[in-house]
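# A closer look at the structure
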Amino acid sequence: MRVFMLGWEFPPFISGGLGTACYGLTKALSRQGGEVVFVLPKAIGTEYSSHVRLLSPQAPQAARGDRSAGSVASEYALEGDEGAFAHVTFKAVPSRMISPYQSAGGKIHDPARGGASSSDQPISHLNSVGPHWVPGEGFHYGGDLFAEARRYADLCVDLARGEDFDVIHAHDWLTFPAGMAVAAATGKPLVVHVHSTEFDRSGDNINQTVYDIERRGVHAACRVIAVSHLTRSILMRRYGVDSSKIQVVYNGIENGANDSPAVPRTTIRKGDKIVLFLGRVTMQKGPEYFIRAAKKVLEKIENVKFVMAGSGDMITQVIEMAAAEGIGHKVLFTGFLHGRDVERVFKMADVYVMPSVSEPFGIAPLEAISHDVPVIISKTSGVAEVLTHALKVDFWDIDEMANKIIAVLKHPPLSSTLREHADLEVRSLTWDGAARKCLEVYGATAGVMV
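Residues numbered from 1 in each chain as written. Predicted model: local features only at pLDDT ≥ 70, side-chain atom pairs only at ≥ 80, totals over all residues. Heavy atoms only, no water.

## What about the packing of aromatic side chains?
- Counting across every chain of the model gives 17 aromatic pairs.
- Judged by centre distance (4.9 Å) and plane angle (35 degrees), the ring pair of Y211 and Y239 falls under tilted. Of this pair, Y211 sits in helix 6 (residues 208–220) while Y239 is found in helix 7 (residues 229–239), placing the two residues 28 residues apart along the sequence.
- Taken together, a centroid distance of 6.0 Å and an interplanar angle of 45 degrees make the contact between Y250 and F361 tilted. (Phe/Tyr/Trp six-rings, centres within 6.5 Å; stacked < 30°, edge-to-face > 60°. Helix = DSSP H or I, 4+ residues; strand = E, 2+ residues; numbered from the N terminus.)

## Regarding the nonpolar core
- Counting 103 residues, the largest nonpolar core has F4, Y352 and Y442 as the members making the most contacts within it.
- Ignoring anything within four residues of it in the chain, the contact list for F4 reads V37, V39, C156, L159, A160, E163, F165, V167, I168, H169 and V182.
- Core analysis: the second largest hydrophobic core is formed by 36 residues, L298, M401, A402 and I406 among them. (Core = buried A, V, L, I, M, F, W, Y, C linked by side-chain atoms within 4.5 Å. Buried < 20%, exposed > 50% of the residue type's maximum accessible area, 1.4 Å probe, protein only. Contact = heavy atoms within 4.5 Å.)

## Re the packing of helix 12 (residues 398–410) against helix 13 (residues 412–426)
- Interhelical geometry of helix 12 versus helix 13 gives an angle of 100 degrees and a closest axis separation of 5 Å. Here helix 13 runs roughly perpendicular to helix 12, going by the angle between their axes. Side by side, helix 12 and helix 13 meet where A407, V408 and K410 of the first sit next to P412, L414, S415 and L418 of the second. (Axes fitted to C-alpha atoms, helices over the stretch in contact; angles between N-to-C directions. Parallel < 35°, antiparallel > 145°, perpendicular 65-115°, else oblique.)

## Comments concerning the pattern of salt bridges
- Counting across every chain of the model gives 18 salt bridges.
- Between R31 and D432 there is a salt bridge, with the nearest N and O atoms lying 3.2 Å from each other. Placement of the pair is R31 in helix 1 (residues 17–31) and D432 in helix 14 (residues 431–446), with a sequence separation of 401 residues.
- Among the salt bridges present, the one from D204 reaches R238, with a minimum N-O distance of 3.0 Å. With D204 in the loop between helix 5 (198–202) and helix 6 and R238 in helix 7, the pair connects residues that are 34 residues apart, well separated along the chain.
- Residue D204 is classed as exposed on the basis of its relative accessible area, which comes to 61%.
- What emerges from the salt-bridge pattern is a single network uniting R2, D164 and D166. (Salt bridge = Lys/Arg side-chain N within 4 Å of Asp/Glu carboxyl O.)

## Here we look at the side chain of T26
- Locating T26 in the fold gives a position in helix 1.
- From its side chain, T26 meets the backbone oxygen of C22 in a polar contact 2.6 Å long.
- Beyond its immediate sequence surroundings of up to four residues, T26 is in contact with M5, F10, V36, F38, F85 and V88. (Polar contact = N/O pair within 3.5 Å; in protein donor to acceptor, adjacent residues only side chain to side chain.)

By themselves, these figures tell us nothing about what the structure is for.
In structure tokens form, the structure reads like this:
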């Protein structure tokens, strides 16, 4: 099966779970013999030279001016992973596109809302390609982001004309226009993979332009892959997608990825317990509920530190909230973590908390469990569908969240039971399993035996 895959995140260029999902799924598809051309709209800088090896640009495929895929697309390879991606060709399309999950700061023009909007974040640069969060209104997406999505679509059409493939696989809304354009130009079937919707990111304060792109994408596709039944329900209810068209494929984790020799636990202070939040510091992830629960935990237990690992448009608000609650000295903010730093912070943790308001799936709890950390997760998450041995709580119920944190910290048998049994559950959630289901979807869509 030959797949033309479109995504806007791939390690090391990640800001959330989508990059992790694309990495795990693509690697598993390669292991199972799937041939993948992965097109990534990223400018690759030399700061990633330790992880990415740039290859020479292709020869031009057609005289199409500076829009020609051959003149702008480069191939790249992941250092140390060549064997794991033996059946995958990565192509990078130069772009200023950044994640719609992270704030670019400053004032960003949003044609969908009719003008420029000021942000509470410091101005990092003007005319940024990205959104910012406005309380009570949702994400304001930079107008350039939509232009970049259209430009990416044009470049993907050029690339596709020089490739041989059976099916198109597009991840999330930024690549849906490209998927639809490639399908129209080549006649190949389109599969769209929904990792998150605009309702997950913005609640009811959706950006209409993004919603319209998502709706067109899921209706243009021959098949829709949803990361959970929670997401499937949203697609049916909010987007009007027929249930028979949607296949749920849960995310996975690389089993054995953390089987290296154990390293000594890093402690902040002897006797301290560590409660971890790891994710984007945005409305969707519920960081304010984590802080409010922390306040209640500290009223009962003194020797606890709360670590908030991540970045996002709410970071200043959350830091100020911790200070206002009088617990600023008990909450540590690490900023966005990469690679080994993620592993290190998991090894420090006594419990991981995911208080998400809306979480289509949630890979971080699986990573926590794989690092032998018990987890407390929001009931409004896809991962809650597949984890039995995790404590579950309504994101808004900070009293119950605090009680569950206290229970795990004060009762070692509970912590031990959660870790042991959850680990057995996670071992059945693999990227190989997800890849097999995707191959079945491809086969049903393209009429090709797999």
